[in-house]
Amino acid sequence: QVQLVESGGGLVQAGGSLRLSCAASGRTFSSYAMGWVRQTPGKEREFVAAVSWNGGTTKYADSVKGRFTCSRDNAKNTVYLQMNSLNPEDTAVYYCAADGPRYGISTAQSVYAYWGHGTQVTVSS
């Protein structure tokens, strides 16, 4: 059974940083893209970041470019999201996604087959 478990969320002041982790179990995703989306109440899930199978290619939403960094450690079957210069608009539940394109990358949420249960990030002003 595949499981994705996010951690690292919490409450932070504007301008601060958080690092999210997502550990996968049940199968390896070392050949597949992984990524992150977020959702706030009343809004649709929004793509945040994705990383290719070997970490060589990354994609970001315009709203987080230059502030967030998505990376992975295939030996640990884990994907990370380093979030810097956080602002209140970043407040959301963050979900990790796995099993994206093999040896590729995509910003389309529909291509990712597995999802975590989410971790709350709250940024206070």
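Residues numbered from 1 in each chain as written. Predicted model: local features only at pLDDT ≥ 70, side-chain atom pairs only at ≥ 80, totals over all residues. Heavy atoms only, no water.

Peer 1: Help me understand the sheet that holds strand 1 (residues 3-7) in this model?
Peer 2: Either a parallel or an antiparallel arrangement is found when strands of a sheet pair, and the pairing is made through backbone hydrogen bonds. Reading across the sheet, the 4 strands line up as 1-3-8-7 and stay open at both edges, with antiparallel pairing between neighbours. The open sheet is flanked by strand 1 and strand 7 (68-73), the only strands paired with a single partner. Recorded for the sheet is a direction-independent mean angle of 15° between the axes of neighbouring strands. Relative to strand 8 (residues 78-83), strand 3 (residues 18-25) runs antiparallel, the two sharing 6 bridges. Note that in strand 8 the partner of Leu 18 across the bridge is Met 83. (Pairing = 2+ DSSP bridges. Helix = DSSP H or I, 4+ residues; strand = E, 2+ residues; numbered from the N terminus. Axes fitted to C-alpha atoms, helices over the stretch in contact; angles between N-to-C directions.)

Peer 1: For this particular structure, what's the right way to read the pairing of strand 5 (residues 46-51)?
Peer 2: It is a general feature of regular strands that their side chains alternate between the two faces of the sheet. For strand 5, a buried count of 5 out of 6 residues is recorded, marking the element as mostly surrounded by other parts of the structure. Bridge count for strand 4 (residues 34-39) against strand 5 is 5 bridges, and the pairing is antiparallel. Pairing of Val 37 across the sheet is with Phe 47, part of strand 5. Hairpin connection between strand 4 and strand 5: a loop of 6 residues separates the two successive antiparallel strands, and Gly 42 in this loop has a positive phi of roughly 85°. Of the pairings in the sheet, the one linking strand 5 to strand 6 (residues 58-60) comprises 3 bridges and is antiparallel in character. By the bridge assignment for strand 6, Ala 50 is matched with Lys 59. The hairpin formed by strand 5 and strand 6 contains 6 residues between the paired strands, and Gly 55 there has a positive phi angle of roughly 80°. (Buried < 20%, exposed > 50% of the residue type's maximum accessible area, 1.4 Å probe, protein only.)

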